[in-house]
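Structural features, examined
Residue strings, one per chain:
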Amino acid sequence: MTPSNPTFPSVLLTASGSYLPQKIVTNDDLTKTLDTSDEWIRQRTGIAQRHIAAEDELTSDMAVAAAKQALNMAGLGADALDGIIVATTTPDDTFPSTASVVQRKLAATGFAFDVQAVCAGFIYGLDVGDAMIKAGKARKILVIGAETFSRILDWQDRSTAVLFGDGAGAVVLEASDGGENSAENWGILSSVIFTDGRFRDILYVDGGVARGQVGKVKMVGPDVFKHAVEKLANGLDQAMTQSGLGAEDIDWLVPHQANDRIIKTLQKKLKLPDERVIRTIARHANTSAASIPLAFDEAMRGKQIKAGDVVAFEAIGGGLAWGAAIVRVGRP
Ligand SMILES: CC(C)(COP(=O)(O)OP(=O)(O)OC[C@H]1O[C@@H](n2cnc3c(N)ncnc32)[C@H](O)[C@@H]1OP(=O)(O)O)[C@@H](O)C(=O)NCCC(=O)NCCS
């Protein structure tokens, strides 16, 4: 919700970090084992390559690498954090939460928990972190999206294997409620999250505790595509209405990087030129909960997005779960 009530602190998004595994797998590499082509993948999705985690690389390892960069940009030690939220659908183990493992590896204290909303996980993490800070339960929270999706892909299924990659991104949320650091209309101006479990069967993993095996991604791509276009547009509309801003106030769209054709549809709706849309899909593919913070961090470090810019985030994933957020980034 909007921070228009002055009793709630503004929640600033002050820093970001990211991590990509070293190994790159190109579309041409995939043609060696799959009946597919570079041309098909580029045309239908915009993807040219993806990063894949090393065998001994865990979701928590990538999350920690992204977290360290974000803390460094924020000028904070891990001991300054009140809590860590990790958005992931590929945890190291069933339990404890990957956030607990990240907390231990960072030698941080406070609370730590995972949120599981698949590709929408980062927006869910942002929404929960924002609410906790506004409720006075924390002042500094690290929100991380981290995934090793390569471990839940059926590498023989060309309709899903070509779409995903691994990686992690992180942001620091900080309360700003007075003094020099006070801010009006800065930070998270709005965030909305939605779930519609009726569409569970169009995107899911056929494994888990009940089945005694990890399982692989199953997807009815064209159905997900149709829902994505409609639901992301609605989510963005609602987030903009709650923020009190219109499409003309958005400096940057940082969309979930699932399919460039979905991104183009939303871009058209907001009437944003290519120069105002952050695209990493060609190089990163779909890294699920990591995709937005990864793209955002690249644009922050590349000095495209600057403090004071208004950024729109949106994502949808299995559940179906989706959401959007409008943020004036950086410190005032
Ligand atoms: C997956 C997706 C790229 C498929 O594109 P599409 O244009 O909808 O293609 P379809 O699934 O209708 O398949 C069209 C044809 O391409 C084929 N095909 C599918 N994957 C292929 C691949 N990697 N290489 C070559 N051909 C492929 C299909 O078998 C089908 O062949 P047919 O016509 O002979 O049956 C697209 O539906 C999509 O991006 N959906 C949304 C996915 C998404 O965002 N998921 C994550 C949400 S977080």
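In case you missed it, the structure is sitting above this.
Residues numbered from 1 in each chain as written. Predicted model: local features only at pLDDT ≥ 70, side-chain atom pairs only at ≥ 80, totals over all residues. Heavy atoms only, no water.

Concerning the overall build of the protein chain
Which entries qualify depends on this criterion: Going along the chain from the N terminus, every DSSP run of H or I of four or more residues is numbered as a helix, and every run of E of two or more is numbered as a strand. Radius of gyration means the value over C-alpha atoms here, while the globule rule gives 2.2 Å times the residue count to the 0.38 power. Partly exposed describes any residue whose relative accessible area lies between the buried limit of under 20% and the exposed limit of over 50%, with all areas from a 1.4 Å probe on protein chains only and scaled to the type maximum. Whether two residues are in contact is decided by their heavy atoms, any of which lying within 4.5 Å being enough.
Of regular secondary structure, the protein chain possesses 10 helices and 13 strands. Here the C-alpha atoms of the protein chain give a radius of gyration of 18 Å, agreeing with the 20 Å that 2.2 N^0.38 yields for 332 residues. For the protein chain, the spread of C-alpha atoms along the principal axes amounts to about 60 × 45 × 40 Å. Burial statistics for the protein chain: of 332 residues in total, 56% are counted as buried. The long-range share in the protein chain, meaning contacts at least 24 apart out of those at least 6 apart in sequence, stands at 75%.

Structural notes on the environment of Ala295
Within the element layout of this structure, Ala295 appears in helix H10 (residues 291-301). Each C-alpha atom, one on Ala295 and one on Ile281, is 8.7 Å from the other, the two residues being 14 residues apart in sequence. Ignoring anything within four residues of it in the chain, the contact list for Ala295 reads Val254, Gln257, Ile278 and Thr280.

Observations concerning the site of the ligand
Spelled out, the test is: Throughout, near means a residue has at least one heavy atom within 4 Å of the molecule or strand. Here a polar contact means two N or O atoms within 3.5 Å. Within protein one must be a hydrogen donor candidate and the other an acceptor candidate, and residues neighboring in sequence count only if both atoms are side-chain atoms. For the accessible areas, the method is Shrake-Rupley and the probe is 1.4 Å, while residue cover comes only from the protein chains on display.
In the vicinity of the ligand, 23 residues are found, and the nearest of them are Thr36, Arg44, Cys119, Arg158 and Asn259. The separation between a nitrogen atom of the ligand and a polar main-chain atom of Gly221 is 3.0 Å. Burial of the ligand by the protein amounts to 71% of the accessible area it has alone, namely 950 Å². For the shell around the ligand, the elements supplying multiple residues, two or more each, are helix H2 (38-45), helix H6 (158-161), helix H7 (221-243), helix H8 (260-270) and strand S12 (310-317).

Side note on the pattern of salt bridges
Close approach of charged atoms allows side chains of opposite charge to pair. Applied cut-off: Counted as salt bridges are all cases of a side-chain nitrogen of Lys or Arg within 4 Å of a carboxyl oxygen of Asp or Glu.
The final tally for this structure, using the stated rule, is 19 salt bridges. The residue Glu174 makes a salt bridge to Lys140 at a minimum N-O spacing of 3.8 Å. Of this pair, Glu174 sits in strand S7 (residues 166-176) while Lys140 sits in strand S6 (residues 140-148), and the two are 34 residues apart along the sequence. Where Arg279 meets Asp274, a salt bridge forms, and the shortest distance between an N and an O atom there is 3.5 Å. The exposure class assigned to Arg279 is partly exposed, which follows from its relative accessible area of 26%. Here the residues in one salt-bridge network are Asp260, Lys264, Asp274 and Arg279, joined through shared partners.

With respect to the pairing of S12
Cut-off, in case you're wondering: Note: two strands are recorded as paired if DSSP finds a minimum of 2 bridges between them.
Across the 8 residues of S12, 8 count as buried, placing the element largely inside the fold. Burial along S12 is two-sided: the face carrying Val310, Ala312, Glu314 and Ile316 and the face carrying Val311, Phe313, Ala315 and Gly317 are both buried. Bridge analysis of strand S11 (residues 252-255) against S12 gives 4 bridges, and the strand direction is parallel. Residue pairing across strands places Leu253 opposite Ala312, the latter belonging to S12. Where S12 meets strand S13 (residues 321-328), 8 bridges bridge the pair, whose relative direction is antiparallel. Residue pairing in the sheet places Gly317 in a bridge with Ala321 of S13. Connecting the antiparallel pair S12 and S13 is a turn made up of 3 residues, with Gly319 showing a positive phi of about 150 degrees.

Considering the packing of aromatic side chains
To be explicit about the condition: Only the six-membered ring of Trp is used, alongside the rings of Phe and Tyr, when aromatic pairs are assigned; centres must lie within 6.5 Å, and planes under 30 degrees apart are stacked while those over 60 apart are edge-to-face, with the rest tilted.
If you walk through the whole model with that rule in mind, you get 5 aromatic pairs. Considering the side-chain rings of Phe122 and Phe313, the 6.0 Å spacing of their centres and the 85 degrees angle between planes classify their relative orientation as edge-to-face. Residue Phe122 is found in helix H5 (residues 121-134), and its partner Phe313 is found in strand S12; the two are separated by 191 residues along the sequence. The residues Phe122 and Phe313 share a single accessibility class, namely buried. When the ring of Phe194 is compared with that of Trp322, the centres are 5.5 Å apart and the planes differ by 25 degrees; the resulting orientation is stacked. Taken as a pair, Phe194 in strand S8 (residues 187-195) and Trp322 in strand S13 lie far apart in primary sequence, 128 residues in all. The class of Trp322 is buried, set by a relative accessible area of 9%.

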